[in-house]
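# Topology and contacts: notes
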Amino acid sequence: MEQKNGSSFTGFILLGFSDQPQLELVLFVVLLIFYLFTLLGNTTIIALSHLDPHLQTPMYFFLSNLSFLDLCYTTSTVPQLLVHLRRADKSISFGGCVTQLFISLGLGSTECILLGVMAFDRYAAICKPLQYTVIMHPRLCALMASASWFFGFANSSLETVLTFLLPLCGRNKIDHFLCEVPPLLKLACVDTTVNESVLFFVGVVILLIPVTLITVSYGRIVRAVLRIKSSAGQRKAFGTCGSHITVVSLFYGTAIYAYLQPSNNYSQDQGKFVALFYTIITPMVNPIIYTLRNKDVTGAMKKVLCRGQDSR
């Protein structure tokens, strides 16, 4: 293939934080600690959801899917970043860049849809408690989870192709620590207005559908909870939704900043730190958010720990 279309590059240079060498060692230590906590927290959620029969419900089925997503998403970017923070060579192959963009976009899009599905699960649990087990049948849960993955990676395929079809004319220095759409668009040597408009529209669609589902679900949840006469019942109902709302706010807040703002307003330095937030901070705090006030998870954890001590 010709040099001008950019596909003959042997690779890209991820500039990352190379302009702030004094920051690299600090970031390496902090990110390594956060990454280890991310692995531990999300693996714990997945393990508990499979080991404790009381957690084998639709809510924890989707939660274990979310934890698996977070594990994969963090692992698709952070190990490479840790290596680059300690080495002078910050290159990534062309194929590696395409793969990283495809996987990270696919996992991010899947999580976007999955959070909408989880809101529907909370709606069924609170507004239709007597029919909950019928509505959230295991087959339906598996179908909704599979659909989240399918549409997430279908969206990623489209965005990845649209991004790498742009001619780069020899430019290969990405002012970021990972391959992501906004900094890749800045490498193009042609007008990217059409591509940006299409990508913006696709991003709005993949966000709008789950957001609509979340808004409608929680609108009905609030009405149902307000009809509960006891304050204790209201607190319990809102408590089951509080963790999900917090996670949704963190995820959508960073996603909207990163992908749904005009390119002329996009600050590269701010974009890097926002990307750090959703690649490592959010996946790390999700298990904490879901366990701090969740008696089922903490109870299951105590059972597993006590079982381990008894076996000794």
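As recorded in an unreviewed UniProt entry, the protein goes by the name Olfactory receptor, listed as coming from Mustela putorius furo. What UniProt records for the protein under Function (unreviewed entry) is the sentence "Putative odorant or sperm cell receptor."

### Focus on the packing of helix H4 (residues 94–127) against helix H8 (residues 193–226)
Closest axis-to-axis distance for the H4/H8 pair is 9 Å, and the angle between their directions is 20°. Looking at the two axes, H4 sits roughly parallel to H8. The two elements H4 and H8 meet at a crossing, and its hand is left-handed. In this structure, H4 uses Ser109, Cys112, Ile113, Leu115, Gly116, Val117, Ala119, Phe120, Arg122, Tyr123, Ile126 and Cys127 to contact H8, whose residues at the interface are Ile206, Leu207, Pro210, Leu213, Ile214, Ser217, Tyr218, Arg220, Ile221, Ala224 and Val225. Residue composition of the contact of H4 with H8, grouped by class: 18 nonpolar, 3 polar and 2 charged.

### As for the confidence of the model for the protein
Mean pLDDT over the protein works out to 85, with 91% of the residues at or above the 70 mark. The secondary structure element of the protein with the lowest average pLDDT is helix H11 (residues 295–311), at 69, and the one with the highest is helix H6 (residues 138–164), at 94. In the model, residues 1–9 has pLDDT below 50 throughout and makes 21 contacts with residues more than four positions away in sequence or in other chains.

### Topic: the side chain of Ser64
Structurally, Ser64 is set in helix H2 (residues 58–75). Ignoring any residue separated from it by four or fewer positions in sequence, one finds Ser64 in contact with Ile45, Ile46 and Ser49.

### Comments concerning the sheet that holds strand E3 (residues 173–174)
Pairing is mixed in the open sheet, where 3 strands are placed in the order E2-E1-E3. Looking at the sheet topology across the chains shown, the edges are occupied by strand E2 (91–93) and E3. Sheet topology note: the strand E1 (residues 11–14)/E3 ladder contains 2 bridges and is parallel. For Leu14, the partnering residue across the bridge sits in E3 and is Ile174.

### Topic: a positive patch on the surface
A cluster of basic residues, Lys128, Arg220, Arg223 and Arg227, forms a positive patch on the protein surface. Tracing the sequence through the fold places Arg227 in the loop between H8 and helix H9 (231–259). In this structure Arg227 comes out as exposed when scored by relative accessible area, which is 63%.

### Structural notes on a nonpolar patch on the surface
Taken together, Leu25, Val29, Ile33, Phe37 and Leu40 make up a surface patch of nonpolar side chains, about 470 Å² in accessible area. Here Leu25 is to be found in helix H1 (residues 21–51). Its relative accessible area of 45% is what places Leu25 among the partly exposed residues.

### What to know about the state of the cysteines
Under the definition given, this model contains 2 disulfides. There is a disulfide in this structure between Cys169 and Cys189, and the S-S distance comes to 1.9 Å. Taking the torsion about the S-S bond as the criterion, the Cys169 to Cys189 disulfide, at about 50°, is right-handed. Taken as a pair, Cys169 in the loop between H6 and E3 and Cys189 in the loop between helix H7 (181–185) and H8 lie far apart in primary sequence, 20 residues in all. The class of Cys169 is partly exposed, set by a relative accessible area of 44%. Cysteines bonded in the protein are numbered consecutively along the chain; their disulfide partners then correspond to 1-3, 2-4.

### Observations concerning H4
Taking 1.5 Å as the rise per residue, H4 with 34 residues should run 50 Å; its terminal C-alpha atoms sit 50 Å apart, in good agreement. Burial analysis of H4 places 25 of its 34 residues in the buried class, the great majority of the element.

### Quick word on the UniProt feature "transmembrane region" (unreviewed entry) in the protein
Mapped onto this numbering, the UniProt entry annotates "transmembrane region" (unreviewed entry) at residues 25–48, 60–81, 101–120, 140–158, 198–216, 237–260 and 272–292. Each end of residues 25–48 is marked by a C-alpha atom, and these two atoms are 35 Å apart; helix forms 100% of the span and strand 0%. A distance of 27 Å separates the end C-alpha atoms of residues 140–158, which is 100% helix and 0% strand.

### Notes on the environment of Ile113
Inspection of the secondary structure puts Ile113 in helix H4. Residue classification places Ile113 among the buried residues on the basis of a relative accessible area of 16%. Separated by 82 residues in sequence, Ile113 and Leu31 have C-alpha atoms that sit 27 Å apart. Beyond its immediate sequence surroundings of up to four residues, Ile113 is in contact with Ser148, Phe151, Gly152, Ile206 and Pro210.

Parameters and conventions
Residues numbered from 1 in each chain as written. Predicted model: local features only at pLDDT ≥ 70, side-chain atom pairs only at ≥ 80, totals over all residues. Heavy atoms only, no water. UniProt positions renumbered as here; feature names shortened; annotations may be inferred. Axes fitted to C-alpha atoms, helices over the stretch in contact; angles between N-to-C directions. Helix = DSSP H or I, 4+ residues; strand = E, 2+ residues; numbered from the N terminus. Parallel < 35°, antiparallel > 145°, perpendicular 65-115°, else oblique. Left-handed = near helix turned anticlockwise from the far one by under 90°. Contact = heavy atoms within 4.5 Å. Nonpolar A, V, L, I, M, F, W, Y, C, P; charged D, E, K, R; others polar. pLDDT = per-residue confidence, 0-100. Pairing = 2+ DSSP bridges. Patch = residues over 30% accessible without salt bridge, like charges linked within 9 Å, V, L, I, M, F, W, Y side chains within 5 Å. Areas by Shrake-Rupley, 256 points an atom, 1.4 Å probe, with all protein chains shown as cover. Salt bridge = Lys/Arg side-chain N within 4 Å of Asp/Glu carboxyl O. Lys, Arg positive; Asp, Glu negative; His and termini not counted. Charge placed at Lys NZ, Arg CZ, Asp CG, Glu CD. Buried < 20%, exposed > 50% of the residue type's maximum accessible area, 1.4 Å probe, protein only. Disulfide = S-S within 2.5 Å. Expected span 1.5 Å × (residues − 1).

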